[in-house]
Amino acid sequence: MTAEPLQVVDPAIAVARTRPRNSPAETISQTLSMAWRALKKMRRNPEQFFDVTLQPLLFTAMFAYIFGGAISGNVTSYLPLLIPGIVAQTVLTTCMASGVQLREDLDKGVFDRFKVLPIARIAPLAGPVVADVVRYLIAATLTFVMGMIIGYRPGGGVPGVLGAIALSVFIGWSMAWIFTWIGTIARNARSVQGISMLILFPLTFLSNAFVPVHTLPSGLAAFVKINPVSLLVSATRDLANYGTITSQVGWTLLAGLVVIAIFAPLSVRNYRRHI
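A brief look at the structure comes next. Please read these numbers as outputs of a predicted model, since none were measured by experiment.

We now examine the packing of aromatic side chains. Tallied over the full model, the rule gives 8 aromatic pairs. Seen in terms of ring centroids, Phe63 and Phe67 are 5.5 Å apart; in terms of plane orientation they differ by 45°. Their pairing is tilted. Taken as a pair, Phe63 and Phe67 lie in helix H3 (residues 50-72) at a separation of 4 residues, close to a single helical turn. On the basis of relative accessibility, which here comes to 35%, the residue Phe67 falls in the partly exposed class. One aromatic cluster is present, built from ring pairs that chain together Phe59, Phe63, Phe67, Phe201, Phe205 and Phe210.

Shown next as structure tokens:
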């Protein structure tokens, strides 16, 4: 008569069975706790703010004075075209850090500590993404400030600028879920950064962010018109330069919601595989 093999019990599953599923309010509270953890981590690593402080200042001045005369005749005329484009580019490139940081934490075993806690599985992923909103705000605000220093005067006034910043931050937050998902499937942090740059940089530069679409060859112009980054740039220009909420703004918001609906669940599913 042979003895039955001992059944191995996963501690995380055992803990989860002792209480019901997390309520929406508990999930939000746990996500905010993880966001606070990420903010404290940023405070102790100030180099994480270099890209959101130096890049907007450098890119705004560099693109304005290098391309302003060639594209619009002078720097002042070029700024209404450039500044909203730089805002979109800066926020989108900043959100790449979400996937890189996630991959680093996974490699270091940080998330192994979370798996035994009775918390919502999305909280450790959503927390850092929420914390990164602070970085997006800094990047977008500094871009507008630098633009105003060199002569940009947004026709939409304060409400238009605030609306453009809010829209850019929301899209940056939604796009961060794509890079979070990449962070769950890539092998290391360097791979996340390489894949993210391969995706984002062509989309950013092959858009209407820096040049008018009508100046491009027909084939390239057709791609630029359907590029989602162009949609964000056009919506940001409508808000900042004219203070108007156009269909471009609505389509941009819808695109952001679709990205969240697709990549947030994918990120959670792949995250479960790691734990």
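Right, picking up where we left off after that structure.
Now for the environment of Phe263. By secondary structure assignment, the location of Phe263 is in helix H13 (residues 247-274). What makes Phe263 buried here is its relative accessible area of 17%. With near-sequence residues (within four places) excluded, Phe263 lies in contact with Trp177, Ile178 and Trp181.

Interaxial distance between helix H2 (residues 24-44) and helix H7 (residues 123-131) falls to 7 Å at its minimum, and their mutual angle equals 55°. Comparing the axis directions of H2 and H7 gives the class oblique. Relative to H7, H2 is oriented so that their crossing is right-handed. Along the contact surface, H2 presents Gln30, Thr31, Met34, Ala35, Ala38, Leu39 and Met42, while H7 presents Ala123, Pro124, Ala126, Gly127, Pro128, Val130 and Ala131. For the contact of H2 with H7, a count of residues per class yields 11 nonpolar, 3 polar and no charged.

Its location among the elements puts Ser218 in helix H11 (residues 218-226). Along the chain, Ser218 and Gly156 lie 62 residues apart, while their C-alpha atoms are 31 Å from each other.

What follows concerns the nonpolar core. Residues Leu79, Leu82, Phe144 and Trp177 are the most contacted members of the largest nonpolar core, which totals 65 residues. It is helix H9 (residues 157-185) that contributes the most residues to this core, 12 residues altogether. When neighbours within four sequence positions are excluded, Leu82 is seen to be in contact with Thr60, Phe63, Ala64, Ala209 and Phe210.

What counts, and where the lines are drawn
- Residues numbered from 1 in each chain as written.
- Predicted model: local features only at pLDDT ≥ 70, side-chain atom pairs only at ≥ 80, totals over all residues.
- Heavy atoms only, no water.
- Phe/Tyr/Trp six-rings, centres within 6.5 Å; stacked < 30°, edge-to-face > 60°.
- Helix = DSSP H or I, 4+ residues; strand = E, 2+ residues; numbered from the N terminus.
- Buried < 20%, exposed > 50% of the residue type's maximum accessible area, 1.4 Å probe, protein only.
- Contact = heavy atoms within 4.5 Å.
- Axes fitted to C-alpha atoms, helices over the stretch in contact; angles between N-to-C directions.
- Parallel < 35°, antiparallel > 145°, perpendicular 65-115°, else oblique.
- Left-handed = near helix turned anticlockwise from the far one by under 90°.
- Nonpolar A, V, L, I, M, F, W, Y, C, P; charged D, E, K, R; others polar.
- Core = buried A, V, L, I, M, F, W, Y, C linked by side-chain atoms within 4.5 Å.

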